[in-house]
Amino acid sequence: MMTKKTCVAMLLAGGQGSRLGILTKTVAKPAVPYGGKYRIIDFPLSNCTNSGIDTVGVLTQYQPLELNAYIGSGAPWDLDLSHGGVFVLPPYQKGKVGEWYRGTANAIYQNMAFIEQYHPDYVLILSGDHIYKMDYNAMLNFHIRHGADATIAVREVPWEEASRFGIMNTDTEDNIIEFEEKPKKPKSNKASMGVYIFTWEKLRQYLIDDEADKSSSNDFGKNIIPRMLADRQVMVAYSFDGYWKDVGTIESLWEANMDLLATPMPIDLHDKKWRIYARNTGYVPHYIAEGAKVVDSLVTEGSVIYGNVQHSVIFSGVRVEEGAEVRDAVIMPGAVVHRGAVVHRAIVAENAEVGAGCIVGEETGNIAVVGHAVKLPAGVKVTAGQQVDENTTF
Amino acid sequence: MKDVMGVIYTGENDARLRELTMLRAIAALPVAGRYRIIDFLISSMVNGGMRNVGVIMQKNYHSLMDHLGSGKEWDLHGKHDGLHLLPPFLTRENVGVYSGLMDALRSNTNYLLRSKQEYVVISGSDLIYNAHMDQLIQYHIDSGAEITLMYTRDPAMQREDTGTYLTVDESGNITDMEVEPTHPTQECTFMEVMILKRDLLRSLVDRGVAHGQHDFMRDIVLPMVHNPGSHINAWEYTGVAWWIDSVQNYFRFNMDILDIGTRGKLFLDDLPVYTKVRDEMPALYGDNAVCVNSLVADGCIIEGTVENSVLFRGVRIAPGAHVKNCIIMQDGHVHSGASIETCILDKQAVIKRNARLTGHSVYPIVIAKNVVV
């Protein structure tokens, strides 16, 4: 029986996200917690399911354990289907050869057999690096309407930041005429979002050719897209103007969490028509005790607040004890802030403990980070920008 | 260990729950900010190793079916057994309205017959507990009793004019039993949970029905207690429990679990309570929010003042609104300047600007579903 899907999504989730420092020491970047109850990967997965794309391959490589467990059967995103659904695709042995994914294009090349099972007309390439809500189906319609071979989602960024991005120079008809990776003097402020739709037949051939080219670094941005442009394939830019935030660094991850506390919220997570799904923990509602103070914050189920929480994002199962003060901070699942501790402009990672009377972070400067499951002894001071892991001595 | 099935009977009298059960079965009553009563019952069974759970439904069962769905949240959606929703149906012998547990069991004889497990745990649905069912099962098997009844010595569980009360000796034997006394005189309260062999249950129901009997406790169990040839045992549940059979008791349960110690005794680490998930964002607190001694579920937006209250998912408390000693179910909305005390707001109830409502703990005000005040 021939089974067919119009569009299959491939989510590149193999990157380490080394710029997130100790936060990605034991988990892959897409599994990093965000927004009180989500992980970064919930956004592209929810976008897929809300866009009607029900077949998603998730390419993993770095620290895949937690990501695999998190994705599981795909049920939280309605991606547990008998035909289609979500699949975790680690690198695997083929005959006598086994190899890691060498680049983004190589990762897709190595999983061509997975894609071909569904005989798709189009393939959507996604990354697990951004927080955004996007209708991929609208982008697919745009791709089809333009008879494009490739469509690249772009977002206008502030001109002064444009040189940090891959920039698309387009004509008035949205045709991409030039692609510049991190240009010193950008001619446009349309940054590639790392969201691509390809007509599969075309991409397939380019992946095969690219693989045969020993000098290629097998990367979409560096090789495939420039090659297709040089061959004058029909390539169009699809403009997106919603909230789109890179969470690739400690500072930007912190900022993206703080963005949720702005009024109005720049990315509406209350939107019932475009819910962001997540694997739920099954905790009781959170409890705010007598004497506690919680303002201007997000708090989720399973946490218990006795202290003072201000302009912060509190994840599930967190405990903030009496006299503790949490301001402008992100407290990840299961973390504990003990009595009298002050956490300010900081990220406290999963299951970490801030000992009684500790001071984490400062009024100014970079964001301080307490790493995964680190137990800070009482009275310790963590300065701005410092990242504390289990090897840090005091 | 897994040779046990569960049956939940949801046909209890709901008159004293007033508007709260106008549109739903007691078992479907929302409690504790994100659960329904039946979540506690099914979770206990599942945590006790049961993989075949039947829910006998009576009236207003739409919300119950909607909540339980395929049973996925309780891992009861497998190919073997799983969750069985048993709505009433009309046959020549059955008019669709059960006159009690025995009648309900008789009408579902086919389900009992088709099931493969050796033992059945039966539970009522107008109470909340979180029991180590595996201990009850083991106790029952080891004792060799025909029926084991689960009971509590909590004096707060004694009620007038209803319920079954026991006297239990040190070795767990029931020495006396009274059914629906005006004033209970025995200190152990039967918790409407019992275990027995499936075959025995079927024959007891057959025999009872054939003799024109309809009250399982009074007509079947009570004579067995007094019959020296029968062995009816009792297992003490030492955890926390509440009857949810009146508005007052419903209110009291929700207020009781604001206490962290009490909450910890109900939500045990080794006995998680599963429920249907609603994908809401975390609760959002505004700049001037004041919230103390309250349980708050995801999806709430709190900009006003909340004291000693339980807020379900998606509740909105506008700036300047004041909420004290209240239970506000899913998507309730209290507008600015409104002040409510000791009220229960059913789902999607709305309290308009500057409205004032004050109830009393022995008679909380109930605002029915979708009502705008």
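## Notes on the interface of chain A and chain B
Thinking step 1. Each side of the interface is counted separately: chain A has 38 residues, and chain B has 34 residues.
Thinking step 2. A buried area of about 2,900 Å², summed over both sides, lies between chain A and chain B, and 51% of it is on carbon and sulfur atoms.
Thinking step 3. Counting the surface chain A buries against chain B, the share from its top three residues, A:His270, A:Pro285 and A:Tyr287, is 21%.
Thinking step 4. The interface formed by chain A and chain B holds 3 salt bridges in total.
Thinking step 5. B:Glu280 is paired through a salt bridge with A:Arg275; the nearest N and O atoms lie 4.0 Å apart.
Thinking step 6. Counting every contact that joins chain A to chain B gives 20 residue pairs in polar contact (both at pLDDT 80 or more).
Thinking step 7. Of all the elements in the fold, those that place two or more residues in the side of chain A that touches chain B are strand 16 (286-288), strand 17 (293-295) and strand 18 (297-299) of chain A.
Thinking step 8. Split by residue class, the side of chain A that touches chain B holds 22 nonpolar, 9 polar and 7 charged.
Thinking step 9. Two elements, strand 18 of chain A and strand 14 (residues 283-285) of chain B, share 3 bridges in a ladder whose sense is antiparallel.

## What about the environment of A:Ala148?
Residues and elements named next belong to chain A.
Thinking step 1. Along the polypeptide, Ala148 turns up in the loop between helix 5 (136-145) and strand 10 (150-156).
Thinking step 2. For the pair Ala148 and Lys202, spaced 54 residues apart in sequence, the C-alpha to C-alpha distance is 10 Å.
Thinking step 3. Setting aside anything within four residues of it in sequence, one finds Ala148 in contact with His143, Thr199, Val234 and Val236.

## So, the pattern of salt bridges
Residues and elements named next belong to chain A.
Thinking step 1. Following the criterion strictly, the structure yields 40 salt bridges over all chains and no others.
Thinking step 2. Across the pair Asp129 and Lys29 runs a salt bridge, and its minimum N-O distance is 3.6 Å. Residue Asp129 is found in the loop between strand 8 (122-127) and strand 9 (130-132), and its partner Lys29 is found in the loop between strand 1 (7-12) and strand 2 (33-34); the two are separated by 100 residues along the sequence.
Thinking step 3. Of the residues examined, Asp129 reaches a relative accessible area of 25% and is grouped as partly exposed.

## Focus: the state of the cysteines
Thinking step 1. On inspection of all chains with the given rule, the structure shows 0 disulfides over all chains.
Thinking step 2. Unpaired in this structure, B:Cys326 has its nearest cysteine sulfur neighbour in B:Cys343, at a distance of 4.7 Å.

## Remarks on the nonpolar core
Thinking step 1. In terms of nonpolar packing, the biggest core is built from 134 residues, with A:Ile331, A:Leu376, B:Tyr285, B:Ile317, B:Ile328, B:Val334 and B:Ile340 touching the most fellow members.
Thinking step 2. Examining the composition of this core, we find that 5 residues originate from one element, helix 8 (residues 250-259) of chain A, more than from any other.
Thinking step 3. In contact with B:Ile340, not counting residues within four places along its chain, are B:His322, B:Val323, B:Lys324, B:Cys326, B:Ile328, B:Val334, B:Leu345, B:Ile351 and B:Leu357.
Thinking step 4. Ranked by size, the runner-up nonpolar core spans 70 residues in total, among them A:Ala289, B:Val273, B:Met329 and B:Ile344.

## Overview of the sheet that holds strand 21 (residues 322-324) of chain B
Residue and element names in this part refer to chain B.
Thinking step 1. Strand order in the open sheet formed by 5 strands is 15-18-21-24-27, with parallel pairing between adjacent strands. With one partner strand each, in any of the chains shown, strand 15 (290-292) and strand 27 (356-358) form the two edges of the open sheet. Averaged over all pairs of adjacent strands, the angle between strand axes in this sheet comes to 5°, irrespective of strand direction.

## Quick look at the packing of helix 6 (residues 198-210) of chain B against helix 7 (residues 216-226) of chain B
All names here are of chain B.
Thinking step 1. It is the contact of helix 6 with helix 7, at a shortest axis distance of 11 Å, that shows an interaxial angle of 115°. Taken as axis vectors, helix 6 and helix 7 run roughly perpendicular relative to one another. Where helix 6 crosses over helix 7, the handedness of that crossing is right-handed. Between helix 6 and helix 7, the contacting residues are Leu201, Leu204, Val205 and Gly208 on the first element and Phe216, Ile220 and Met224 on the second.
Thinking step 2. Of the residues contributing to the contact of helix 6 with helix 7, the split by class is 6 nonpolar, 1 polar and no charged.

## Re unusual backbone geometry
Thinking step 1. Residue A:Pro264 follows A:Thr263 across a cis peptide bond; omega there is -10°.
Thinking step 2. Mapped onto the secondary structure, A:Pro264 falls in the loop between helix 8 and strand 16.
Thinking step 3. Of note, A:Gln63 is a non-glycine position whose phi angle comes to about 40°, a positive value.
Thinking step 4. In this structure, B:Asp161 is a non-glycine residue whose phi angle is positive, near 65°.
Thinking step 5. Looking at the element boundaries, B:Asp161 is found in the loop between strand 8 (147-152) and strand 9 (164-168).

## A few points about the packing of aromatic side chains
Thinking step 1. Scanning the entire structure with this criterion turns up 17 aromatic pairs over all chains.
Thinking step 2. With a centroid separation of 5.6 Å and 35° between ring planes, the pair formed by A:Tyr196 and A:Phe220 is classed as tilted. Of the two residues, A:Tyr196 is situated in strand 13 (residues 190-199) and A:Phe220 in helix 7 (residues 220-230); the sequence distance between them amounts to 24 residues.
Thinking step 3. Put simply, the rings of A:Tyr34, A:Tyr38 and A:Phe43 touch in pairs and so form one group of aromatic residues.
Thinking step 4. The ring of B:Tyr35 carries B:Arg34 above its face, with NZ or CZ at 5.8 Å from the centroid.
Thinking step 5. Over the ring of A:Tyr287 we find B:Arg263, and its NZ or CZ is 4.3 Å from the ring centre.

Conventions we followed
- Residues numbered from 1 in each chain as written.
- Chains lettered and ligands numbered in written order.
- Predicted model: local features only at pLDDT ≥ 70, side-chain atom pairs only at ≥ 80, totals over all residues.
- Heavy atoms only, no water.
- Contact = heavy atoms within 4.5 Å.
- Buried area = accessible area lost by both parts, 1.4 Å probe.
- Salt bridge = Lys/Arg side-chain N within 4 Å of Asp/Glu carboxyl O.
- Polar contact = N/O pair within 3.5 Å; in protein donor to acceptor, adjacent residues only side chain to side chain.
- Helix = DSSP H or I, 4+ residues; strand = E, 2+ residues; numbered from the N terminus.
- Nonpolar A, V, L, I, M, F, W, Y, C, P; charged D, E, K, R; others polar.
- Pairing = 2+ DSSP bridges.
- Buried < 20%, exposed > 50% of the residue type's maximum accessible area, 1.4 Å probe, protein only.
- Disulfide = S-S within 2.5 Å.
- Core = buried A, V, L, I, M, F, W, Y, C linked by side-chain atoms within 4.5 Å.
- Axes fitted to C-alpha atoms, helices over the stretch in contact; angles between N-to-C directions.
- Parallel < 35°, antiparallel > 145°, perpendicular 65-115°, else oblique.
- Left-handed = near helix turned anticlockwise from the far one by under 90°.
- Phe/Tyr/Trp six-rings, centres within 6.5 Å; stacked < 30°, edge-to-face > 60°.
- Lys NZ or Arg CZ within 6 Å of the ring centre and 35° of its normal.

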